[in-house]
Amino acid sequence: MDVRTTTLSNGMTVVTDHMPHLKTAALGVWVRTGSREETLEQNGITHLLEHMAFKGTLSRTALEIAEQIEAVGGELNAATSIEHTSYYARVLEEDVPLAVDLLSDILQHSVFDKGELEREKHVILQELGAAIDSPEDRAFDLFQSTAWPDQPLGRPILGTTESVKGFSTEALQGYLEDRYRGPDMVLSAAGAVDHDALVSLAEEKFVKIRPEPAIQTAGAQYKGGENSLVKDLMEAQILIGFEGRPYKSKDYYAIQILASILGGGMSSRLFQEVREKHGLCYAIYSFHWAFSDTGAFAIHAATSQGDIPPLLELIVYELQQAGETISEREVERSRAQIRAGLMMALESPTARAGQIARQILVHGRVMDINEISERIEEVTAADIRRVAKEVFCGSMPTLTAVGPVNNLMKVEDFANKLAEPLLQAAAN
């Protein structure tokens, strides 16, 4: 790796990973702001702003932005998540200056034309409608709002029909000025890119970015509970979750490995036991979401109405077993999967640019691949068994479902069944 970082006069970080064998570069701006930075009235504005950034600036129309990047065979896109927003491009080596110019233009000189705004609101309302029509999306939205009720982390990234309709040009401009600050922004590039040249370009182009950091929002409070939406569907979408671990937790890698062992692939415990041996679902997997101050460990399953009770009983059993029987052999297999993913990301300039940008935003530095590998290697089966017990019995579960779910187990019953072995052990 040839990673270099520089802090600009406005507080913005420029980070690069030069990959000499490539003739293309992936680069973009990552911002420490997402849906969890929004007030209730602002819900969805981060996502709308990401869309509107491409709809015209003081010097370019929306069509000109698209034509200029595509005229050199490049790509320009963006994404909004719960804690970060990114605007990124993929271009040939000689077109890096154009990509920087376009990115700096849309992030500093967007006009948020009222006509364009109304059209884009309509597009996002269609996107909202598609999410509402998707049982899986609805189950995930219910999961988020149940795990973190009445707080930004529990609200949908897309916002609501009412909030999206209410946004104005002035609201977008105000949010951009409040949240897009130098210390909270990273210009990241990987591939055929020269660090010093990129720093010079960034100093020249990002002149309107304010040097004061954005005000940080209050921390999230995981609650848990249950919420279901009964619908006449063929399949039920079920999510079972627990409070997870934040990025900087000492158990971060242990819980990532736990998620992989339980439901990270076709050889995982849940897939083999629930789907392959018992045929109780079409799809099942587990995952861990990490955030700056909290997290969520969850299992998603898609099943038929009649299979819901035995499915949940078997999941309870597998979660109990995770705290007792996870072996070093399973840990090593999951370590190998994670290591492979890390190494594959090093070979993709797009993945690498995103990886080092997020590391700067989360940790304040780029983590060396050897350091990450060492931390993964340090995790033992005993660590994972301990984390499994702490996670699965340390907080109220979150249980959400959409579809024919009249026979869904109560979350209190699920929690009690899960804790039975521990209570029995304590009694003895």
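Residues numbered from 1 in each chain as written. Predicted model: local features only at pLDDT ≥ 70, side-chain atom pairs only at ≥ 80, totals over all residues. Heavy atoms only, no water.

Visitor: Outline the sheet that holds strand β2 (residues 13-18), listing residues and values.
Guide: The six strands lie next to each other as β1-β2-β6-β3-β5-β4, forming an open sheet whose pairing is mixed. Whereas interior strands pair on both sides, the edge strands pair on one side only; in this sheet they are β1 (3-7) and β4 (75-80). On average, each strand axis in the sheet is inclined to that of its neighbour by 15 degrees, with strand direction left out of account. Relative to strand β6 (residues 185-191), β2 is paired through six bridges, and the arrangement is parallel. (Pairing = 2+ DSSP bridges. Helix = DSSP H or I, 4+ residues; strand = E, 2+ residues; numbered from the N terminus. Axes fitted to C-alpha atoms, helices over the stretch in contact; angles between N-to-C directions.)

Visitor: Give a description of the side chain of Arg 335 that names residues and reports values.
Guide: On the secondary structure map, Arg 335 appears in helix α12 (residues 328-346). On the basis of relative accessible area, Arg 335 is assigned to the buried category, the value being 7%. A distance of 3.5 Å separates a polar atom in the side chain of Arg 335 from the backbone oxygen of Glu 377. If near-sequence neighbours (up to four positions away) are discounted, Arg 335 is found in contact with Ile 257, Glu 328, Ile 376, Glu 377, Val 379 and Thr 380. (Buried < 20%, exposed > 50% of the residue type's maximum accessible area, 1.4 Å probe, protein only. Polar contact = N/O pair within 3.5 Å; in protein donor to acceptor, adjacent residues only side chain to side chain. Contact = heavy atoms within 4.5 Å.)

Visitor: Outline the pattern of salt bridges, supporting the account with residue identities and numerical values.
Guide: Where side chains of opposite charge bring their charged atoms close, a pairing between them can arise. Taken as a whole and assessed by the stated rule, the structure comprises 32 salt bridges. The closest approach of N and O atoms between Lys 277 and Glu 273, which form a salt bridge, is 2.9 Å. Residue Lys 277 and its partner Glu 273 are located together in helix α10 (residues 269-277), separated by four residues, close to a single helical turn. Overall, Lys 277 belongs to the exposed group, its relative accessible area being 58%. (Salt bridge = Lys/Arg side-chain N within 4 Å of Asp/Glu carboxyl O.)

Visitor: Outline the nonpolar core, supporting the account with residue identities and numerical values.
Guide: Counting 53 residues, the largest nonpolar core has Ile 238, Leu 258, Phe 297, Phe 392 and Phe 414 as the members making the most contacts within it. Broken down by element, the residue count for this core peaks at nine residues, all from helix α9 (residues 252-263). For Ile 238, the contacting residues outside a window of four places in its chain are Ile 299, His 300, Ala 301, Thr 303, Ile 308, Leu 311, Leu 312, Leu 399, Thr 400, Ala 401 and Leu 408. By size, the runner-up hydrophobic cluster in this structure holds 49 residues, among which are Ile 65, Val 96, Leu 158 and Tyr 180. (Core = buried A, V, L, I, M, F, W, Y, C linked by side-chain atoms within 4.5 Å.)

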